[in-house]
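# A closer look at the structure
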Amino acid sequence: MVDFVRKRTVSARITGADGDGDGRPGGGDIATERKTRTKSKTAKPPLYKVILLNDDYTPMEFVVEVLKAVFHKQHAEATRIMLHVHQNGMGVAGVYPFEVAETKTHTVEELARESEYPLKCVMEKE
């Protein structure tokens, strides 16, 4: 009998019920409430490669200058990328989120068009 009274008293403190049958949910039983925390992870944006395509008319010096100006490459790295494009037909100038890659692609093609060179630049999902 003492165990029963102790349980009812604890139950009344937890649920606020006095066990008088007032119709509240739980009616004096121990009520537990679970609170779950949802952890939200922000996904990293997909990356895109900005690729320069080789042609027979755009001077190598112009490509190096574009790599330095648009992609902020050092002279040695810009020269290395330009030679890779020249020898292999294409080369990656950089890897960026979509909006940045799109902006750099348009900038390269605009600079080439202003200088009257057929240099092409494309982007491809990594």
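First things first, this report covers the structure right here in the doc. (Residues numbered from 1 in each chain as written. Predicted model: local features only at pLDDT ≥ 70, side-chain atom pairs only at ≥ 80, totals over all residues. Heavy atoms only, no water.)

## Some details on the nonpolar core
Among the nonpolar cores identified, the biggest contains 21 residues, and Val50, Leu52, Val63, Leu67, Phe71, Val108 and Leu119 are the most heavily contacted of them. For this core, the secondary structure elements donating two or more residues are β1 (47-53), α2 (60-71), α3 (75-88), β2 (90-97) and α4 (98-114). Considering every element that reaches this core, the biggest residue donor is α2, with seven residues. (Core = buried A, V, L, I, M, F, W, Y, C linked by side-chain atoms within 4.5 Å. Buried < 20%, exposed > 50% of the residue type's maximum accessible area, 1.4 Å probe, protein only. Helix = DSSP H or I, 4+ residues; strand = E, 2+ residues; numbered from the N terminus.)

## Considering the pairing of β1
Alignment of β1 against β2, held across seven bridges, turns out to be antiparallel. Note on β2: the bridge partner recorded for isoleucine 51 is valine 92. Sheet analysis places β1 next to strand β3 (residues 120-125), joined by six bridges and oriented antiparallel. Residue pairing for β3: leucine 53 is matched across the bridge by lysine 120. (Pairing = 2+ DSSP bridges.)

## As for α3
Between its first and last C-alpha atoms α3 spans 20 Å; for 14 residues at 1.5 Å apiece the expected length is 20 Å, and the two agree. Listing the buried residues of α3 in full gives Ala78, Ile81, Met82 and Val85. When α3 is viewed along its axis, its buried side chains cluster within an angular range of 100° and face the same direction. With respect to the buried face of α3, the exposed residues turned more than 90 degrees away are Ala76, Arg80 and Gln87. Those residues of α3 that are buried are in contact with β1, α2 and β2. (Expected span 1.5 Å × (residues − 1). Arc of directions from axis to C-beta. Contact = heavy atoms within 4.5 Å.)

## Some thoughts on the environment of lysine 120
Mapped onto the fold, lysine 120 is located in strand β3. In this structure, lysine 120 is in contact with Ile51, Leu52, Leu53 and Glu109, ignoring residues within four places of it in sequence.

## Considering the packing of α2 against α4
Contact pair α2 / α4: the axes reach a minimum separation of 11 Å and the direction vectors enclose 140°. By the criterion of interaxial angle, the relationship of α2 to α4 is oblique. As for the relative orientation of α2 and α4, their crossing is right-handed in sense. From α2, Phe62, Val66, Val70 and Phe71 reach across to α4, where they touch Lys104, Thr107, Val108, Leu111 and Ala112. When grouped by side-chain class, the residues that make up the contact of α2 with α4 number seven nonpolar, one polar and one charged. (Axes fitted to C-alpha atoms, helices over the stretch in contact; angles between N-to-C directions. Parallel < 35°, antiparallel > 145°, perpendicular 65-115°, else oblique. Left-handed = near helix turned anticlockwise from the far one by under 90°. Nonpolar A, V, L, I, M, F, W, Y, C, P; charged D, E, K, R; others polar.)

## Quick word on the sheet that holds β1
The three strands lie next to each other as β2-β1-β3, forming an open sheet whose pairing is antiparallel. Either end of the sheet is taken by a strand with one partner, and the two such strands are β2 and β3. The sheet shows a mean angle of 25° between the axes of neighbouring strands, direction not considered.

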